[in-house]
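Residue strings, one per chain:
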Amino acid sequence: MTMTMTMSLFDTAEYDQDHGWRQELCDGAVVLRRFALPDETAILAALHDIVARTPFRHMVTPGGFRMSVAMTNCGSYGWVTDTTGYRYDSRDPQSGNPWPGMPAAFLELAHTAAARAGFSDFVPDACLINRYTPGARLSLHQDKNEQDLSAPIVSVSLGIPACFLFGGYQREDKPLRVRLTHGDVVVWGGPARLRYHGIMPLKDGHHPLLDGHRINLTFRKAA
Ligand code: SIN
Ligand code: FE2
């Protein structure tokens, strides 16, 4: 299947009184521009605590490649990869400890963003935290390790901008390119739940709160 949509702010924008504006990417997927901005202070404080307890690390793929994106997790489950495969684990394999709990500010943000996108009752039990530095990228993939595919994915972008690739149901389908900036939230679920997506190599940049980094929080219902 080939995606034929084109992105035009003016075709799809609809002003959202409280937080920003929304852009539909396709049936089941929407960008909520600046949706996380009002919560940035609480989010960054919580992030700081998590990272102090469970530092970012570069995981290794089943193919043996070190990922350019550094990762950690919070919540009941964390997504991990090593040479044996991908999985959700209730413990940080590095320390053997449970992951830090999901902060209330994270839960609230994920829940309200999902509801705004049309997915009510989203209660994530996993949050993968990705840290990108310039040059880091995430190749096209599907999020399909989760048990319950009826729950959406809620993805929060913080820090320097990135080019998000949002594709079809086949890796070869030409993806949309969507620039994501600080505070933007992408929600995909329902008919869009298994679309391929990724991040182009990050360009240099500077953000007043996150220096040369991009942080992405991806909320999932893993179990
Ligand atoms: C992901 O697919 O897990 C992350 C996407 C992103 O960094 O925006
Ligand atoms: Fe993903």
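Residues numbered from 1 in each chain as written. Chains lettered and ligands numbered in written order. Predicted model: local features only at pLDDT ≥ 70, side-chain atom pairs only at ≥ 80, totals over all residues. Heavy atoms only, no water.

Visitor: I keep staring at the packing of aromatic side chains and nothing clicks. Help me out?
Guide: Here the distance between the centres and the angle between the planes together describe a pair of aromatic rings. The final tally for this structure, using the stated rule, is 5 aromatic pairs. Geometrically, the ring pair formed by Phe166 and Trp188 is edge-to-face, given 5.9 Å between the ring centres and 65° between the ring planes. Placement of Phe166 in strand β10 (residues 162-166) and of Trp188 in strand β12 (residues 185-188) is noted, with a sequence separation of 22 residues between them. Side by side, Phe166 and Trp188 carry an identical accessibility label, which is buried. Members of the aromatic cluster, connected to one another through ring pairs, are Phe164, Phe166 and Trp188. Between the NZ or CZ atom of Arg214 and the centre of the ring of Tyr132, over which it lies, the distance is 4.9 Å. (Phe/Tyr/Trp six-rings, centres within 6.5 Å; stacked < 30°, edge-to-face > 60°. Helix = DSSP H or I, 4+ residues; strand = E, 2+ residues; numbered from the N terminus. Buried < 20%, exposed > 50% of the residue type's maximum accessible area, 1.4 Å probe, protein only. Lys NZ or Arg CZ within 6 Å of the ring centre and 35° of its normal.)

Visitor: Looking at this model, I keep getting lost on the site of ligand 1. Mind explaining?
Guide: Lining the immediate surroundings of ligand 1 are Asn130, Tyr132, Leu138, His141, Ser155, His197, Ile199, Arg214, Asn216, Thr218 and Arg220. Contacts to ligand 1 include His197, whose side-chain N or O atom sits 3.0 Å from an oxygen atom. Between ligand 1 and Asn216 there is a distance of 3.2 Å, counted from an oxygen atom to a side-chain nitrogen or oxygen. When the free accessible area of ligand 1 is taken as 260 Å², the share hidden by the protein chains comes to 98%. Where the shell around ligand 1 is concerned, the elements lending two or more residues are β7 (126-132), β8 (138-141), β13 (197-199) and β14 (214-220). With 4 residues, β14 is the largest single contributor of residues to the shell around ligand 1. Partitioning the shell around ligand 1 into residue classes produces 3 nonpolar, 6 polar and 2 charged. (Near = heavy atom within 4 Å. Polar contact = N/O pair within 3.5 Å; in protein donor to acceptor, adjacent residues only side chain to side chain. Areas by Shrake-Rupley, 256 points an atom, 1.4 Å probe, with all protein chains shown as cover. Nonpolar A, V, L, I, M, F, W, Y, C, P; charged D, E, K, R; others polar.)

Visitor: Looking at this structure, I do not really get the packing of helix α2 (residues 40-53) against helix α3 (residues 104-116). What am I missing?
Guide: Each packed pair of helices is defined by two parameters, the angle between the axes and the distance between the axes. Packing of α2 against α3 brings their axes to within 9 Å, and their N-to-C directions diverge by 130°. As far as their axial angle goes, α3 and α2 are oblique. Crossing of α2 against α3: the hand is left-handed. Between α2 and α3, the contacting residues are Ala42, Ile43, Ala46, Leu47 and Ile50 on the first element and Ala105, Phe106 and Leu109 on the second. Broken down by class, the residue content of the contact of α2 with α3 amounts to 8 nonpolar, no polar and no charged. (Axes fitted to C-alpha atoms, helices over the stretch in contact; angles between N-to-C directions. Parallel < 35°, antiparallel > 145°, perpendicular 65-115°, else oblique. Left-handed = near helix turned anticlockwise from the far one by under 90°. Contact = heavy atoms within 4.5 Å.)

Visitor: Where do I start with the coordination of the iron ion (ligand 2) in this structure?
Guide: Put simply, the ideal angle at a metal is 109.5 degrees for four donors in tetrahedral geometry and 90 or 180 degrees for six donors in octahedral geometry. Every protein donor of the iron ion (ligand 2) is accounted for by His141 (NE2), Asp143 (OD) and His197 (NE2), and the metal-donor separations fall at 2.1 to 2.2 Å. Coordination at the iron ion (ligand 2) is irregular: its 4 donor atoms span angles of 89 to 175° at the metal. Read from N- to C-terminus, the donor residues coordinating the iron ion (ligand 2) fall into the pattern H-x1-D-x53-H. Using a relative accessible area of 21% as the deciding quantity, one classes His141 as partly exposed. (Donors = N, O, S within 2.8 Å, 3.2 Å for Na, K, Ca; no water. Tetrahedral: all angles 85-135°; square planar, octahedral: opposite > 155°, others 65-115°.)

Visitor: I keep staring at the pattern of salt bridges and nothing clicks. Help me out?
Guide: Applying the stated criterion across every chain, the model contains 9 salt bridges. Its salt-bridge partner being Arg87, residue Asp82 comes within 3.3 Å of it at the nearest N-O pair. Linking Asp89 and Arg87 is a salt bridge whose minimum nitrogen-to-oxygen distance equals 3.3 Å. A cluster of three or more residues bridged by salt bridges with shared partners is formed by Asp143, Glu146, Arg193 and Arg220. (Salt bridge = Lys/Arg side-chain N within 4 Å of Asp/Glu carboxyl O.)

Visitor: What is the right way to read the nonpolar core from this model?
Guide: As a rule of thumb, nonpolar side chains are buried together in soluble globular proteins. In terms of nonpolar packing, the biggest core is built from 33 residues, with Phe106, Ile129, Val154, Val185, Val187, Leu217 and Phe219 touching the most fellow members. Among the secondary structure elements, those contributing two or more residues to this core are β3 (29-32), α2, β4 (70-75), α3, β7, β9 (153-159), β12 and β14. Contact partners of Phe219, with chain neighbours within four places excluded, come to Met102, Phe106, Ala110, Phe122, Pro124, Ala126, Cys127, Pro152, Ile153, Val154 and Val156. Counting 31 residues, the second-largest nonpolar core is a separate cluster that includes Trp79, Ala126, Leu176 and Ala222. (Core = buried A, V, L, I, M, F, W, Y, C linked by side-chain atoms within 4.5 Å.)

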